[in-house]
Amino acid sequence: MELKRQHLIDPVVCIRCNTCEEACPVDAITHDGTNYVVSYDKCTGCRTCVSPCPTGAIDNWLLVDQPWSIDDQFGWEELPLGQTGPGPAEPAPLPPGEVSDLLAAATATTGPSVPPPASAAKPYFNLYSRDTPVTARVAGNMRITGEGTDSDIHHVVLDFSHNAFPFLEGQSIGIVPPGTDAKGRAHNIRLYSIASPREGERSGCNNLALTVKRVAGGVGSNYVCDLKKGDEVRVAGPFGQAFLMPDAPNANIIMICTGTGSAPFRAFTERRRRNAQDASGKLMLFFGARTPEELPYFGPLMKLPKSLIDVNLAFSRVPDRPKQYVQDKIRERSDDLAALLASADTHVFICGLKGMEQGCDEAFADICRLHGLDWADLRPRMREEGRYHVETY
Ligand SMILES: Cc1cc2nc3c(=O)[nH]c(=O)nc-3n(C[C@H](O)[C@H](O)[C@H](O)COP(=O)(O)OP(=O)(O)OC[C@H]3O[C@@H](n4cnc5c(N)ncnc54)[C@H](O)[C@@H]3O)c2cc1C
Ligand code: SF4
Ligand code: SF4
């Protein structure tokens with residue numbers, strides 16, 4: 001089943017002012033004596049009509065199996081609740097194997113039963129599988145690490161057009177590489193973290209970005225890094241029910257990453273930047289790379305206001321400078337981190353290269369020892385409360 005994302009007007013809230021009909025550049029909005037309605041076939045999802053609407057009646061985007069016709073909408077007294085696909089109330093179970101194995105390996109440090117943060121929104125997940133993928137189109141593909149470096153990381157934007165693909169910050173998607181492996185079997189899914197906030201890479205667009213590193217000889221990463229604008233890609237997901245951004249504005253979020261592990265944290269940061277700049281909770285980022293040129297999103301990261309995010313970069317291969325890793329930076333910020341760890345509003349997220357979690361764990365243990373906290377007690381407690389998450393691959 002391929003779910004559609006349909007733009008609809010709430011007849012209860014709409015005051016029939018005609019503003020939207022005048023604003024729509026493609027004449028997708030029309031009306032009869034009763035209702036203002038949106039044509040599914042004409043609407044491009046551009047959102048030009050949304051901000052002029054004085055009531056918000058127009059900002060409804062439903063997941064549907066079959067789009068409602070204009071005549072259906074003329075007959076409504078209220079927005080229908082039905083016809084949505086599997087959602088947070090009834091998630092499709094993840095079949096054993098493939099994706100569940102990949103996720104289990106990535107979260108092995110914290111184990112399978114770690115809950116999501118208490119204030120995280122309810123995610124949609126497993127809407128599309130390898131056998132029933134959704135088709136997305138490449139809207140852009142740009143290298144975001146220095147041309148002269150070994151690290152070839154791409155920012156790839158996928159557009160889902162009319163197809164529903166709801167997601168939350170922290171979730172991943174599955175890319176289904178075309179072709180077969182050496183044994184003639186279809187390729188396994190490759191998972192990639194979503195680097196955009198839930199509103200989309202461009203606010204209100206039905207799209208998302210990935211941060212993908214080219215792996216020598218790798219099937220999935222080379223396929224994605226070589227995609228051209230306009231190419232069609234088969235996508236499964238969204239996946240992940242625990243590594244999710246806490247929504248509470250007072251949540252302190254400590255984000256620790258290397259390389260493409262920055263993808264979910266770009267999504268977290270953009271979410272706060274766009275929706276909650278005055279949130280009382282702190283964002284603290286520890287980001288490791290060999291050099292600034294190999295650090296994805298280095299330029300944009302440096303431009304973020306200090307009031308939004310506290311950025312700590314660790315470079316391990318800068319000539320004439322001592323090697324620094326994320327755990328060194330964590331130790332440098334011992335006092336600030338101890339104060340945050342003592343708060344029940346603090347969450348720790350670790351994402352990136354397999355093995356990095358151990359160094360971080362030891363650094364937190366040292367900090368706790370110095371400040372009268374007990375990491376051996378705190379870490380499992382944070383984990384049980386959905387405040388300690390690791391995703392490494
Ligand atoms: C939850 C999760 C999130 C992830 N998020 C991201 C992300 O945001 N960005 C990102 O870039 N990656 C991410 N990954 C990793 C990603 O899923 C892929 O594992 C990665 O892109 C490598 O896949 P590949 O198909 O290119 O390599 P593969 O084809 O799977 O190959 C992997 C390695 O094996 C070697 N190899 C392959 N075939 C052979 C062979 N026949 N003989 C010898 N060696 C061989 C390759 O050279 C390569 O080194 C994530 C993984 C998980 C689990
Ligand atoms: S989203 Fe764009 S195309 Fe769709 S109804 Fe509004 S203005 Fe028209
Ligand atoms: S602008 Fe909003 S309130 Fe006015 S007709 Fe359109 S949907 Fe209704």
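Along each chain, residues carry numbers from 1 onward, in the same order as the chain's sequence is written. Whichever chain is written first is A, and whichever ligand is written first is 1; the rest continue in order. Totals for whole chains, interfaces and linings use all residues, but because this is a predicted model, local features are given only for residues with pLDDT of at least 70 and pairs of side-chain atoms are given and counted only at 80 or more. The side-chain numbers reported here are obtained from all heavy atoms of the structure, hydrogens and water having been left aside.

Definition in use: UniProt positions are given in the numbering used here, feature names are shortened, and annotations may be inferred rather than shown by experiment.
The name given to the chain in an unreviewed UniProt entry is Ferredoxin-NADP reductase, and the organism recorded there is Paramagnetospirillum magneticum. The chain has a UniProt comment under Cofactor (unreviewed entry) that states "FAD".

1. As for the overall build of the chain
The line we're drawing: Secondary structure elements follow DSSP: runs of H or I of four or more residues count as helices, runs of E of two or more count as strands, with numbering from the N terminus. What the globule rule says is 2.2 Å times the number of residues to the power 0.38, and the radius of gyration is computed from C-alpha atoms. When a residue's accessible area, from a 1.4 Å probe over protein chains only, is under 20% of the maximum for its type it is buried; when over 50% it is exposed; and in between it is partly exposed.
Across its full length, the chain carries 10 helices and 15 strands. Since a compact globule built from 393 residues should have a radius of gyration of about 21 Å, the 22 Å found for the chain is in line with a globular shape. Over its C-alpha atoms, taken along the principal directions, the chain stretches across nearly 70 × 50 × 40 Å. Taken across its 393 residues, the chain has 52% of its residues classed as buried.

2. Here we look at the pattern of salt bridges
The following threshold applies: In the sections that follow, a salt bridge refers to a side-chain nitrogen of Lys or Arg positioned within 4 Å of a carboxyl oxygen of Asp or Glu.
With the rule as written, the count across this model stands at 24 salt bridges. In this structure, E169 and R198 form a salt bridge, with 2.9 Å as the shortest nitrogen-oxygen distance. Taken together, the residues span a long stretch of sequence, with E169 in the loop between β6 (153-159) and β7 (172-175) and R198 in the loop between β8 (190-193) and β9 (207-213) at a distance of 29 residues.

3. Considerations on the confidence of the model for the chain
The following threshold applies: One confidence number per residue, pLDDT, is output by the predictor and ranges from 0 to 100. Here, residues are in contact when the closest pair of their heavy atoms is within 4.5 Å.
When pLDDT is averaged across the chain, the result is 92; 95% of the residues are at 70 or more. Scored below 50 in pLDDT, residues 84-91 shows 13 contacts in the model against residues more than four places distant or in partner chains.

4. Observations concerning the domain arrangement of the chain
Our working definition: In this document the domain limits rely on a domain assignment from an automatic tool or a database. When two parts are brought into contact, each loses some accessible area as probed by a 1.4 Å sphere; the total of that loss over both is the buried area. Any pair of N or O atoms that falls within 3.5 Å is considered a polar contact. Within protein, one atom must be able to donate a hydrogen and the other to accept it, and sequence-neighbouring residues count only if both atoms are side-chain atoms.
Domain boundaries in the chain define domain 1 (4-75), domain 2 (116-239) and domain 3 (252-392). Put simply, the middle of domain 1 and the middle of domain 2, counted by C-alpha atoms, are 30 Å apart. Each partner contributes residues to the interface: domain 1 has 7 residues there, and domain 2 has 8 residues. Both sides of the domain 1 and domain 2 interface together cover about 720 Å² of buried area, and 54% of this is carbon and sulfur. Area buried by domain 1 at its contact with domain 2 is led by K4, R5 and L63, which between them contribute 65% of it. Counting across the interface, domain 1 meets domain 2 through 4 residue pairs in polar contact (both at pLDDT 80 or more).

5. Here's the deal with the UniProt feature "domain: FAD-binding FR-type" (unreviewed entry) in the chain
The UniProt entry lists residues 131-245 under the feature "domain: FAD-binding FR-type" (unreviewed entry), expressed in the numbering used here. For residues 131-245, the end-to-end C-alpha separation is 29 Å, with 6% helix and 35% strand making up the annotated structure.

6. Describing the nonpolar core
Looking at soluble globular proteins, one finds that nonpolar side chains tend to be buried together. For clarity, the cut-off: Throughout, nonpolar core names a set of buried Ala, Val, Leu, Ile, Met, Phe, Trp, Tyr and Cys residues whose side chains join them through atoms within 4.5 Å.
Counting 26 residues, the largest nonpolar core has L158, F165, I173, I175 and V235 as the members making the most contacts within it. Elements supplying a minimum of two residues to this core: β5 (134-143), β6, β7, β9, α4 (219-225) and β10 (232-239). With residues up to four places along the chain from it excluded, the contact list for I175 reads L158, N188, I189, R190, Y192, L210, Y223, V224, V233, R234 and V235. Counting residues in each nonpolar core, the second largest holds 24 residues, with M284, F286, L378 and Y388 among its members.

7. Let's talk about the UniProt feature "binding site: NADP(+)" (unreviewed entry) in the chain
Worth spelling out the cut-off: Cavities and pockets are found on a 1 Å grid laid over the protein atoms alone: a cavity is a set of points where a 1.4 Å probe fits but cannot escape, a pocket is an open set with protein on both sides within 12 Å along at least five of seven lines, and a lining residue has an atom within 4 Å of such a point.
According to UniProt, the positions carrying the feature "binding site: NADP(+)" (unreviewed entry) are S193, K213, T260, S316, R317, K323, G352, L353 and E391. The largest pairwise C-alpha distance within this set of annotated residues, which runs over 199 residues, is 27.8 Å, so the set is dispersed in three dimensions. Among the annotated residues just listed, those lining the largest pocket are S193, K213, T260, S316, R317, G352, L353 and E391. For T260, the location among the structural elements is in the loop between β11 (252-258) and α5 (262-275).

8. A short note on the sheet that holds strand β14 (residues 346-352)
Test applied: Pairing between strands is defined by DSSP: at least two bridges between them are needed. Lines fitted to the C-alpha atoms define the axes, with helices restricted to the stretch that makes contact. Angles between their N-to-C directions range from 0 to 180 degrees.
Strand order in the open sheet made by the 5 strands is β13-β12-β11-β14-β15, with parallel pairing throughout. One side of each edge strand has no neighbouring strand; the edge strands of this open sheet are β13 (310-315) and β15 (388-392). Sheet twist, expressed as the mean angle between neighbouring strand axes with direction ignored, is 10 degrees. Relative to strand β12 (residues 283-289), β11 runs parallel, the two being bridged by 6 bridges. Residue pairing for β12: C257 is matched across the bridge by F287.

9. Some thoughts on the packing of helix α9 (residues 356-370) against helix α10 (residues 375-384)
This is how it is decided: An angle counts as roughly parallel when it lies under 35 degrees, as roughly antiparallel when it exceeds 145, as roughly perpendicular when it falls between 65 and 115, and as oblique in every other case. Under the convention adopted here, Pro, Cys and the residues Ala, Val, Leu, Ile, Met, Phe, Trp and Tyr are nonpolar, Asp, Glu, Lys and Arg are charged, and Gly plus all remaining residues are polar.
It is at 9 Å that the axes of α9 and α10 come closest, and there the two elements cross at 125 degrees. As summarised for this structure, α9 and α10 are arranged oblique, according to the angle between their axes. Here D361, F364, A365 and C368 of α9 come into contact with α10, specifically with W375, L378 and R379. In the contact of α9 with α10, the residues fall into 5 nonpolar, no polar and 2 charged.

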